[in-house]
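# A structural walkthrough
Residues per chain are reported as follows:
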Amino acid sequence: MKPYQPLFLGVLVIVLLGLVAFMPALGARFHALIGPRPVPVGDVARLAAENVSLAAQLALLQAVKAELPSSTKNLIPALVYSTYPFNLKNEITVNAGSAEGVSAGSAVLFEGNLIGVVASVTRGSSVVQTIFDPNFRLPVRIGSQGYSALLVGGSYPIAESIPKTAAVAPGDVVMSVATSVPYGMAIGTVQSVSLASNNLFEQAKISFPYDMSMIQAVTIVP
């Protein structure tokens, strides 16, 4: 390096610092040339929107991951639309439809338990009639002896038409045996047994291992 070059560079730096200090407008232009360029306002808004969208997707996955099956072989996963603040138990709407292979009559499961059947289908969604619908009917068997009964839906579903000779007891599992749904799907367990009003049969109140209003994800048997 020639002897005069350091001196020239030092003078140049002093001049530039002086311009920045005493002529702010010129200094700002110089900073714009050598400094980092600001992100356009439109890009900032777009990035913020993308961050919110990703945060929503992450929150949704965290909320329903425990309810989604580890394997979806031969099953169609679906998320349940909310009807809050209305606590509807007789039907739910899910975000899977004919495009995913869902058809009317398909069985709908939660954690392996039968909770209803698909009543109607559009391309992107389905309405499910649950076992809490008063019009729901399904042949079932109860306990290890397989006593026959008829599941009658409603706010408090019961198993009706149980033979009086059947040794049904609290804790016995209630399972599906109808041709329209998979055979042997768990529905619930017997809570209590009583004599029907006609005195010809027994009936059983059923307890369920879930809260219908809290279900966020289901699987559908195509």
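Report on the accompanying structure. Here the structure is a predicted model, which is why all the values come from computation and not from measurement. (Residues numbered from 1 in each chain as written. Predicted model: local features only at pLDDT ≥ 70, side-chain atom pairs only at ≥ 80, totals over all residues. Heavy atoms only, no water.)

## What to know about the overall build of the protein
- Across its full length, the protein holds 3 helices and 12 strands.
- Carbon and sulfur atoms form 62% of the exposed surface of the protein, whose accessible area is close to 13,800 Å². (Helix = DSSP H or I, 4+ residues; strand = E, 2+ residues; numbered from the N terminus. Areas by Shrake-Rupley, 256 points an atom, 1.4 Å probe, with all protein chains shown as cover.)

## As for the pairing of strand S2 (residues 91-94)
- What you see with S2 is a clean split: Ile92 and Val94 sit on the buried side and Glu91 and Thr93 on the side with no burial.
- Of the pairings in the sheet, the one linking S2 to strand S5 (residues 126-130) comprises 4 bridges and is antiparallel in character. Paired with Glu91 across the two strands is Gln129, which belongs to S5. (Buried < 20%, exposed > 50% of the residue type's maximum accessible area, 1.4 Å probe, protein only. Pairing = 2+ DSSP bridges.)

## Thoughts on the nonpolar core
- Counting residues in hydrophobic clusters, the biggest one holds 42 residues, and the most contacted among them are Ile115, Leu138, Ile187 and Tyr210.
- When residues no more than four places from it in sequence are discounted, the contact partners of Ile115 are Ile92, Val108, Phe110, Gln129, Thr130, Ile131, Tyr210, Met212, Ile215 and Val218. (Core = buried A, V, L, I, M, F, W, Y, C linked by side-chain atoms within 4.5 Å. Contact = heavy atoms within 4.5 Å.)

## Looking at the environment of Phe86
- On the secondary structure map, Phe86 appears in the loop between strand S1 (76-79) and S2.
- A relative accessible area of 61% means that Phe86 is categorised as exposed.

## What to know about the side chain of Thr130
- Its place among the elements puts Thr130 in strand S5.
- Engagement of the side chain of Thr130 in a polar contact is seen with the backbone oxygen of Lys89, the distance being 2.4 Å.
- In contact with Thr130, other than residues within four places in its own chain, are Lys89, Asn90, Glu91, Ile92, Ile115, Gly116, Phe136 and Met212. (Polar contact = N/O pair within 3.5 Å; in protein donor to acceptor, adjacent residues only side chain to side chain.)

## Digging into the environment of Ile115
- Mapped onto the fold, Ile115 is located in strand S4 (residues 113-121).
- A C-alpha to C-alpha distance of 9.7 Å links Ile115 and Phe208, two positions 93 residues apart in sequence.

## Focus on the side chain of Ser126
- Structurally, Ser126 can be placed in strand S5.
- A distance of 2.6 Å separates the side chain of Ser126 from the backbone oxygen of Ala96, its partner in a polar contact.

## Structural notes on unusual backbone geometry
- Along the chain, Tyr84 connects to Pro85 via a cis peptide bond; the corresponding omega equals 5 degrees.
- Despite not being glycine, Ser161 shows a phi value in the positive range, around 60 degrees.
- Residue position: Ser161 is located in strand S8 (residues 158-163).
- Assessed through its relative accessible area of 38%, Ser161 is described here as partly exposed.
- A positive phi is found at Asn199, a non-glycine position, where the angle reads about 65 degrees.
- As for its position among the elements, Asn199 is in the loop between strand S10 (186-195) and strand S11 (201-207).

## Some points on the packing of aromatic side chains
- What the rule picks out here adds up to 3 aromatic pairs.
- Geometrically, the ring pair formed by Phe208 and Tyr210 is tilted, given 5.9 Å between the ring centres and 45 degrees between the ring planes.
- A relative accessible area of 19% places Phe208 in the buried class.
- Relative accessible area serves as the criterion here: at 12%, Tyr210 is assigned to the buried category.
- Within the aromatic cluster, the residues linked to one another by ring pairs are Phe110, Phe132, Phe208 and Tyr210. (Phe/Tyr/Trp six-rings, centres within 6.5 Å; stacked < 30°, edge-to-face > 60°.)

## A closer look at the environment of Gly124
- Mapped onto the elements, Gly124 comes out in the loop between S4 and S5.
- Under the relative-accessibility criterion, Gly124 is labelled partly exposed at 42%.
- The contacts of Gly124, once residues within four sequence positions are left out, are Val94, Asn95, Ala96 and Gly97.

## Regarding the pairing of S8
- Where strand S7 (residues 147-152) lies against S8, 3 bridges are found, and the strand directions are antiparallel. Pairing of Leu150 across the sheet is with Glu160, part of S8.
- Counting the residues in the hairpin turn of S7 and S8 gives 5 residues, including Gly154, whose phi is positive at 150 degrees.
- By the bridge criterion, 4 bridges tie S8 to S11 in an arrangement that is antiparallel. Each bridged residue has a counterpart across the sheet, and for Ile158 the counterpart in S11 is Lys205.

Any link to function would need more than the numbers given here.
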